[in-house]
Amino acid sequence: MAEKITPFLWFDHQAEQAVAFYLSVFRDGRVTDVKHYSEAGPGPAGSVMLVSFELFGREYRALNGGPMFTFNEAFSLQVDCDDQAEVDRYWELLTADGGEPGQCGWLKDRFGLSWQIVPRRLLELLNDPDPERANRTVTAMLAMTRLDLAVLEAAADGDSSG
């Protein structure tokens, strides 16, 4: 059954390259359909208009819509990671070849799409019943680019040496 809400990503002309990149990074996905522009345009007839794909069972669409719209941080995709190794893997892959690290676990990939690479444990630390533990976690997180779970845990425990 089709999802009721599907993320729709607008690219200038790199939809195919972006989808191939995301499928290589996440390894649990597939292209489900490719549509081409007809003689009616607005893209060149025969060129790729829309790539439908799945990542971890979620549907996405990637449109080659032209240069008039670009991504910004108002929209991001969050990746929940089981451990630091998974955080590091996604961080390295998504910032490679022109991606840019951001603050607090955020980054932009080489296509300009924003991602949040987050260890699942962070949400537990942020929701700790002890507000001081949660506050120390937030303070540590705000000083980071790539999130470091060991440093976050140490901060929550009151150990500033990380």
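Look up: the structure comes first, before these words.
Computed from a predicted structure; not experimentally measured. (Residues numbered from 1 in each chain as written. Predicted model: local features only at pLDDT ≥ 70, side-chain atom pairs only at ≥ 80, totals over all residues. Heavy atoms only, no water.)

Visitor: Outline the overall build of the protein chain, supporting the account with residue identities and numerical values.
Guide: In terms of regular secondary structure, the protein chain is built from 5 helices and 8 strands. Written out in order from the N terminus, the α and β elements of the protein chain read β-α-β-β-β-β-α-β-β-β-α-α-α. The dimensions of the protein chain, computed from C-alpha atoms along their principal axes, are 65 × 35 × 25 Å. When the 162 residues of the protein chain are sorted by exposure, 41% land in the buried category. The contacts of the protein chain with a sequence gap of at least 6 include a subset with a gap of at least 24, amounting to 58%. (Helix = DSSP H or I, 4+ residues; strand = E, 2+ residues; numbered from the N terminus. Buried < 20%, exposed > 50% of the residue type's maximum accessible area, 1.4 Å probe, protein only. Contact = heavy atoms within 4.5 Å.)

Visitor: Now, about unusual backbone geometry: what can you tell me, with residues and values included?
Guide: The omega torsion of the bond from G41 to P42 falls at 5°, within 30 degrees of zero and hence cis. Take P42: it is sitting in the loop between β2 (29-36) and β3 (48-55). Backbone geometry places R27, a non-glycine residue, at a positive phi of 60°. Looking at the element boundaries, R27 is found in the loop between α1 (15-26) and β2. In this structure, C104 takes a positive phi of about 60° despite not being glycine.

Visitor: Which residues make up the layout of surface pockets, and what values do they have?
Guide: Of the volumes computed, that of the largest pocket is approximately 360 Å³. Lining the largest pocket are 17 residues, and of these F56, Y60, Q78, V79 and D80 lie nearest its centre. Elements that contribute at least two residues to the lining of the largest pocket include exactly β4 (58-64), β5 (76-81) and α2 (84-95). At 5 residues, the largest contribution of residues to the lining of the largest pocket is made by β5. Its residues placed into classes, the lining of the largest pocket shows 10 nonpolar, 2 polar and 5 charged. (1 Å grid on protein atoms, 1.4 Å probe; cavity = no way out; pocket = protein on both sides within 12 Å on 5 of 7 lines; lining within 4 Å. Points joined across faces, edges and corners; volume = space filled by probe spheres on them. Nonpolar A, V, L, I, M, F, W, Y, C, P; charged D, E, K, R; others polar.)

Visitor: Please set out the packing of α1 against α2 residue by residue, giving values where relevant.
Guide: The contact between α1 and α2 brings their axes to 10 Å, and the two run at 160°. Accordingly, the angle class assigned to the pair α1 and α2 is roughly antiparallel. Two packed elements cross with a definite hand, and for α1 against α2 that hand is right-handed. Seen from α1, the contacting residues are F21, S24, V25 and F26; seen from α2, they are R89, Y90, L93 and L94. Broken down by class, the residue content of the contact of α1 with α2 amounts to 6 nonpolar, 1 polar and 1 charged. (Axes fitted to C-alpha atoms, helices over the stretch in contact; angles between N-to-C directions. Parallel < 35°, antiparallel > 145°, perpendicular 65-115°, else oblique. Left-handed = near helix turned anticlockwise from the far one by under 90°.)

Visitor: Describe the side chain of E59, with residues and values.
Guide: With respect to the secondary-structure elements, E59 resides in strand β4. Reaching out from E59, the side chain makes a polar contact with the side chain of R61 at a distance of 3.3 Å. (Polar contact = N/O pair within 3.5 Å; in protein donor to acceptor, adjacent residues only side chain to side chain.)

Visitor: If you had to explain α2 to someone new, which residues and values would you point to?
Guide: For α2, spanning 12 residues, the distance from its first C-alpha to its last is 16 Å, which sits close to the expected 16 Å at 1.5 Å a residue. When we look at burial in α2, the residues that qualify are Q84, V87, Y90, W91, L94 and T95. Taken end-on, α2 shows its buried residues confined to a sector of 135°, consistent with a single buried face. In this fold, the buried residues of α2 make contact with α1, β5, β6 (100-101), β7 (106-108), β8 (114-119) and α5 (149-156). Two or three places before A85, at the start of α2, stands the capping residue D83, its side-chain oxygen 3.3 Å from that residue's backbone nitrogen. (Expected span 1.5 Å × (residues − 1). Arc of directions from axis to C-beta.)

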